[in-house]
Amino acid sequence: MAKIWVYAELHQGKLQPTSLELMARARELGDVEAIALGAGARAAAATLGKHGAKVVHLNEDQAFDDFIAEPATDALAWLYQRGAPDLILFGFTPDSREVAGRLAARLGVGLIANAGDVAATDGAFIAQVPYFGGAKVASMRANRKPVIVLVRPKSFEASEAGGSADIKELALAIGDSSKRARITERVVEASEKVKLEDAKVVISGGRGMGGPANFPLLEDLADALGGAVGASRAVVDAGWVPYSMQVGQTGKSVRPGVYIAVGISGAMQHTVGMKASKVIIAINKDAEAPIMKMADLGVVGDALKIVPALTAALKARKG
Amino acid sequence: MKIVVTVKQVPDPNSSLGLEADYSLAREKEVVLDPGDECGIEEGLRLKEAHGGEVVLVSMGPERARDAIRKGLSMGADRGILISDAQLAGADALLTAQALAAAIQAEAPDLVICGTESFDGSTGMVPPMLAELLGLPQLTFAKKIELDGSAVKVHRQTADGYQVVEAPTPALVTVTAGIAEPRYASLKGIMAARSKEIRQVGFGDLGIERGEAVETIEGVADAEARKAGAVIEFDGTAVDRILQVLAEAKVV
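Everything numeric in this text was worked out from a predicted model, so none of it was measured. For every chain, the first residue of its written sequence is number 1, and the numbers climb from 1 along that sequence. Labels are handed out in written order, letters beginning with A for the chains and numbers beginning with 1 for the ligands. In keeping with the model being predicted, local features are shown solely for residues with a pLDDT of at least 70 and side-chain atom pairs are shown and tallied solely at 80 or more, while totals for entire chains, interfaces and linings include all residues. Only hydrogens and water are removed before side-chain values are computed, so all heavy atoms of the structure are retained for them.

## Observations concerning the overall build of chain B
Let me state the cut-off plainly: Secondary structure elements follow DSSP: runs of H or I of four or more residues count as helices, runs of E of two or more count as strands, with numbering from the N terminus. Buried residues are those whose accessible area, probed at 1.4 Å on protein chains only, stays under 20% of the maximum for their type, while exposed residues exceed 50% and partly exposed ones sit between those limits. By the convention used here, residues are in contact when the closest approach between their heavy atoms is within 4.5 Å. Surface accessibility in these figures is a Shrake-Rupley result with a 1.4 Å probe; residues are shielded only by whichever protein chains are displayed. Counting rule applied: Lys, Arg positive; Asp, Glu negative; His and chain ends not counted. Where a charge sits is defined by one atom per residue type, namely NZ (Lys), CZ (Arg), CG (Asp) or CD (Glu).
Counting its regular elements, chain B contains 7 helices and 13 strands. Seen through its principal axes, chain B has C-alpha atoms that stretch 65 × 40 × 40 Å. Of all 252 residues assigned to chain B, the portion counted as buried reaches 50%. By sequence separation, contacts in chain B at least 24 residues apart represent 68% of the contacts at least 6 residues apart. Total accessible area on chain B stands at roughly 11,400 Å², and carbon and sulfur atoms take up 49% of it. Computed over 25 positive and 39 negative side-chain charges, the inter-centroid distance for chain B is 5 Å.

Have a look at this one:
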């Protein structure tokens, strides 16, 4: 059996859903050990066990929560010295990719990022990665061991498999030399009414919205549908809306019942984060925009007229 | 204060991605300095203006990547280093990070600024690898940077706000596109850039080895394409059509 590690990502004591999605695939590929670091690791271990981890290596040192990437890299490298796995899975999330990048460089093995799937074939691991603007999928074979693959959130469905994990305490102390990039304050700015990742309907705006002043039109539509508002990278980069609203490769991955893309052309950067939505509606001035070729319904016209008309019709329907 | 900014030449994000009939990437595409890197250069210049010192641009790419460096020099950066060698063609993230690290190490900077991720690859894997290879702490997703003596402080963008992160220098910082509006190069800047140094570095100068490729492409298949549905004009019936689709999806 191949030996698989899953890096369980914790945010201030909370196990991230992506880690359990990884567990679902990992347990099909071999014997799974999860690594949980920082506050909440012990509580997370029970959950990881139910999802198929045979062993959970954990350490609740405060350093994992307070310092960026380096303590976690140290812990994984330390554990690696004591028994190398064949495959290490990370979520393709901002925090995990920093640890994965450092670890890959330290071990000199490289990595495969942005994968949508990973499978074992003849003792090798093959990952599926979007290619050529997302029109193609490349099968990438990893040539060095351990293989490190970062998988996009929502690529797998998390499910319990029963069972419980043996707990192994990682008996290492994080040195001061790795306590450098210290998080001294956490500021919460956005309070989402409906969480983007969980919303049944997502309405996302892009450059075609004309400017940040028009985003309330999307909020009104979202309210009428009980949905959440997202955005393309272009308008996040332009500073129209916060990063928390970004849908796409390096933003959030969503798969709602209905996704309404408003004024978004449909670059791969965006579509990899939303193309698993059940139904896609695109509203765009350009009938030739790539998003139109993947939408179940494309409406060609001025978003600033269509969106309010739709909101008004929904309100009239409710009475 | 010596600041190194890594820069990359990428296909113009404003042009659509070109595919030839055989699905190979269209080579004649317009290439530009990565817009995210322009923001990194701008932030580097602002820090230099506030604290003194030098801004050095480091890029890896084909000969034409010289144009991307030149653009940064015309914005006001002091000099450039271009790592260019046929042996580095098709480099993966690890080899890229190793090459950049070797060139940057020789500069012994106080601060390394990278874009969070490139516009073409968008995986953001090179910066953490580079930080590891240089032995530097990494302060990522910065939307604000403050320097105070031998300490750097950033506002690190998160899903629901930001974190304040502090580290001693030297350090590596990745910046989001929102950090600073890049300046336009002035005519004077463009003229001055012509005489600024761009030192070319070959593979042999780096003291690194190119091992077996970390990964190889086994095959390429069509992505599972969603079928295009109806495309309609916004007319008197369009709203009803949308409502119908929403009703079929059981969200209204």
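Structure's up, so let's keep going.
## Remarks on the side chain of Q246(A)
Residue and element names in this part refer to chain A. When you line up the elements, Q246 lands in the loop between α7 (233–237) and β16 (258–262). Relative accessible area serves as the criterion here: at 3%, Q246 is assigned to the buried category. Every residue in contact with Q246, bar those within four places of it in the chain, is listed here: A231, R233, V236, G251, K252 and Q269.

## Structural notes on the sheet that holds strand β18 (residues 297–300) of chain A
Backbone hydrogen bonds hold the strands of a sheet together, and the pairing may be parallel or antiparallel. The condition that has to hold: Between any two strands, at least two bridges found by DSSP are needed for them to pair. Comment: axis = line fitted to C-alpha atoms, over the contacting stretch for helices; angle = value between 0 and 180 degrees taken between N-to-C directions.
Sheet architecture is open: 6 strands sit in the order β15(A)-β14(A)-β16(A)-β17(A)-β18(A)-β13(B), paired in parallel fashion. Looking at the sheet topology across the chains shown, the edges are occupied by β15 (228–231) of chain A together with β13 (230–233) of chain B. If you compare each strand with its neighbour and ignore which way they point, the axes differ by 20° on average. Bridge count between β18(A) and β13(B): 4 bridges; the pairing is parallel. Paired with V299(A) across the strands is I232(B), a residue of β13(B). Contacts from helix α6 (residues 215–225) of chain A reach β14 (201–205), β15 and β16 of chain A within the one sheet, and its direction differs from that of β14(A) by about 175°. Lying on the sheet, helix α9 (residues 303–318) of chain A is in contact with β16, β17 (279–284) and β18 of chain A; it crosses β17(A) at an angle near 130°.

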